[in-house]
Amino acid sequence: MKKKLQDIPKKSMIVDSDLQRLITLERENDRLADENERLKREKSRLEEKLKAALDGTGICLWEQHIPTGKLTIFNMEWGKMLGFSASELDATVDIWKSKLHPDDYLDVVANLQAHLNGQSESYQVVHRMLHKNGSHSWVSDRGRIVEYDDQGCPLRMMGTHIDITQEKRYELELAKRAHSDPLTNLLNRNAFKQIFANLATQMKNHDGALVFIDLDNFKCVNDRLGHKAGDSVLLEVANWLQSDAPPKAKIARLGGDEFMFLCIDVCQADLIRSVECLLSRVQLPIRLENGEVTIGLSIGICQFVLGDANFDMAYEKADHAMYQVKHHGKNNFHLVRM
């Protein structure tokens with residue numbers, strides 16, 4: 001005969017209810033544990049996919065906890081890009097700042113601070129980082145705030161740090177080739193003309209001097225000892241110019257055996273002193289691998305006022321002055337003024 005509900009002791013009903021809740025809680029706990037394990041496995045798989053996607057790209061994914069300055073790198077060891085092991089560097093913003101190239105430091109920090117202050121939508125800058133071996137790496141750094149605290153202050157920031165060293169070096173090399181003579185690394189004619197035009201605009205009414213140098217007897221060097229010897233002579237003359245030209249002079253190889261330099265606000269006495277130093281260089285033979293050669297320098301100088309003369313005008317006057325030297329025995333200088 002079944003007992004009626006009111007006949008069952010209340011204590012027994014309470015125990016059964018607690019037991020049922022305990023069983024329910026244990027089942028929920030097991031379910032949560034299983035879910036936690038599933039999420040861990042999913043997280044691990046996602047991290048593996050992220051690393052696989054980023055491997056070999058030079059992309060470093062980072063997160064900054066802004067209040068503490070702590071940095072987290074998700075797909076590589078902290079410091080690896082700069083040649084350091086994780087144990088050598090603490091992962092903090094201050095350490096990162098200490099590895100910024102000194103010439104880029106202010107610009108990078110200003111860009112970061114502007115974003116943290118809400119003055120820009122994102123942080124984005126190309127800059128150099130100091131490598132452990134003493135070299136520097138070029139990086140493209142970008143990021144944005146992804147979380148704020150209850151007071152609206154920045155809490156977390158995420159971004160990417162991309163190694164663009166090879167691309168940047170290639171870009172710089174192309175720019176260098178476009179503006180410099182491939183043999184001597186002096187300015188080429190086009191770059192020299194552009195610098196002249198810029199200075200004529202920026203420094204009107206300043207005194208300028210264009211010095212045109214043509215090598216005497218250079219063809220004999222190529223004919224007798226070969227073009228390699230001729231290149232060695234041109235390199236030697238380029239070194240003389242870099243040593244003897246007035247400070248801040250712009251120096252170019254125009255082509256062949258023609259050189260030129262431009263001086264701003266150099267007094268005539270100092271200008272002549274520099275030219276005489278160059279002429280003294282050719283008093284002795286130049287020693288090469290396969291012999292010795294003797295050359296001379298025919299030098300034409302044109303003095304003018306910036307803004308009153310363009311490059312072609314000054315060049316024509318200096319060229320004419322140089323040929324005056326050629327016609328009167330070579331290996332000397334002649335000065336004219338516009």
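Residues numbered from 1 in each chain as written. Predicted model: local features only at pLDDT ≥ 70, side-chain atom pairs only at ≥ 80, totals over all residues. Heavy atoms only, no water.

Caption draft 1: Focus on the sheet that holds strand β7 (residues 250–255). Pairing is mixed in the open sheet, where five strands are placed in the order β7-β8-β6-β11-β12. Of all the strands in the sheet, just β7 and β12 (332–337) have a single pairing partner and so form its edges. With direction set aside, neighbouring strand axes in the sheet form an average angle of 20°. Relative to strand β8 (residues 258–264), β7 runs antiparallel, the two sharing five bridges. (Pairing = 2+ DSSP bridges. Helix = DSSP H or I, 4+ residues; strand = E, 2+ residues; numbered from the N terminus. Axes fitted to C-alpha atoms, helices over the stretch in contact; angles between N-to-C directions.)

Caption draft 2: Structural context of the pairing of strand β4 (residues 136–148). In terms of strand pairing, strand β3 (residues 123–130) meets β4 through eight bridges, oriented antiparallel. The residue bridging M129 from the neighbouring strand is S137, located in β4. Bridge analysis of β4 against strand β5 (residues 154–163) gives nine bridges, and the strand direction is antiparallel. Note that in β5 the partner of S140 across the bridge is I162. In this antiparallel pair of consecutive strands, β4 and β5, the connection spans five residues, and G152 shows a positive phi of 85°.

Caption draft 3: Geometry of unusual backbone geometry. In this structure, N185 takes a positive phi of about 65° despite not being glycine. Position of N185 relative to the elements: it lies in the loop between α4 (165–179) and α5 (189–202). By relative accessible area, which is 46% here, N185 ends up partly exposed. A positive phi angle is found at N205, which is not glycine, with a value near 75°. On the secondary structure map, N205 appears in the loop between α5 and β6 (207–216). A relative accessible area of 65% means that N205 is categorised as exposed. (Buried < 20%, exposed > 50% of the residue type's maximum accessible area, 1.4 Å probe, protein only.)

Caption draft 4: Representation of the UniProt feature "domain: GGDEF" (unreviewed entry) in the protein chain within the structure. Per the UniProt record, "domain: GGDEF" (unreviewed entry) is found at residues 206–338. For residues 206–338, the helix share is 43%, the strand share is 34%, and the end-to-end C-alpha distance is 13 Å. (UniProt positions renumbered as here; feature names shortened; annotations may be inferred.)

Caption draft 5: Broad picture of the pairing of strand β1 (residues 59–65). Across seven bridges, the pairing between β1 and β5 is antiparallel. In the sheet register, H65 faces β5, and the bridge partner there is R156. Pairing between β1 and strand β2 (residues 70–73): four bridges, direction antiparallel. Bridge pairing in β2 links W62 to I73. Here β1 folds back onto β2 in antiparallel fashion, the turn holding four residues, of which G69 has a positive phi close to 80°.

Caption draft 6: Inspection of helix α3 (residues 105–116) at higher detail. Between its terminal C-alpha atoms α3 stretches 17 Å, which fits the 16 Å expected from twelve residues at 1.5 Å a residue. When α3 is considered as a whole, its buried residues turn out to be V108, V109, L112, A114, H115 and L116. Buried residues along α3 sit in contact with α2 (93–98), β3, β4 and β5. Count one or two residues on from α3 and you reach G118, which has phi positive near 80°. (Expected span 1.5 Å × (residues − 1). Contact = heavy atoms within 4.5 Å.)

Caption draft 7: Layout of the sheet that holds β2. Spatially, the five strands line up as an open sheet ordered β2-β1-β5-β4-β3, and their pairing is antiparallel. One side of each edge strand has no neighbouring strand; the edge strands of this open sheet are β2 and β3. Taking each pair of neighbouring strands and ignoring which way they run, the sheet shows an average axis angle of 30°. Against the sheet, α3 makes contact with β3, β4 and β5, and its axis sits at roughly 150° relative to β3, the strand it touches most. Contacting β4 and β5, α4 crosses the sheet at an angle of about 125° to β4.

Caption draft 8: A negative patch on the surface, seen in detail. Together, E26, D30, D34 and E37 give the surface a local cluster of negative charge. Mapped onto the elements, E26 comes out in helix α1 (residues 10–54). Here E26 falls in the partly exposed class, since its relative accessible area comes to 45%. (Patch = residues over 30% accessible without salt bridge, like charges linked within 9 Å, V, L, I, M, F, W, Y side chains within 5 Å. Areas by Shrake-Rupley, 256 points an atom, 1.4 Å probe, with all protein chains shown as cover. Salt bridge = Lys/Arg side-chain N within 4 Å of Asp/Glu carboxyl O. Lys, Arg positive; Asp, Glu negative; His and termini not counted. Charge placed at Lys NZ, Arg CZ, Asp CG, Glu CD.)

Caption draft 9: Representation of the nonpolar core in the model. Core analysis: the biggest nonpolar cluster contains 33 residues, and I213, L215, V233, F259, F261 and I295 have the highest contact counts within it. Among the elements that take part in this core, helix α7 (residues 227–244) stands out by supplying seven residues, more than any other. Residues within four places of L215 in sequence aside, it is in contact with V233, L234, V237, D257, F259, I295, G296, L297 and K326. Counting 23 residues, the second-largest nonpolar core is a separate cluster that includes I66, L112, M129 and M157. (Core = buried A, V, L, I, M, F, W, Y, C linked by side-chain atoms within 4.5 Å.)

Caption draft 10: Focus on the environment of A209. Along the polypeptide, A209 turns up in strand β6. Its relative accessible area of 4% is what places A209 among the buried residues. Ignoring any residue separated from it by four or fewer positions in sequence, one finds A209 in contact with F261, L262, C263, L271, C302, Q303 and F304.

Caption draft 11: Molecular detail of the packing of aromatic side chains. Counting across every chain of the model gives five aromatic pairs. An angle of 75° between the planes, with centres 6.0 Å apart, marks the rings of F192 and F311 as edge-to-face. One end of the pair, F192, is in helix α5; the other, F311, is in helix α9 (residues 311–327), and 119 residues separate them in sequence. As far as the burial class goes, F192 and F311 line up, both buried. Between the aromatic rings of F196 and F304, the centroid separation amounts to 5.6 Å while the plane-to-plane angle is 35°, which identifies the pairing as tilted. A residue pair is termed long-range when its members are at least 10 positions apart, and F196 in helix α5 and F304 in strand β11 (residues 296–305) qualify at 108 residues. By relative accessible area, F304 is classed as buried at 1%. Chaining the aromatic ring pairs together yields one cluster made of F192, F196, F212, F304, F311 and Y315. (Phe/Tyr/Trp six-rings, centres within 6.5 Å; stacked < 30°, edge-to-face > 60°.)

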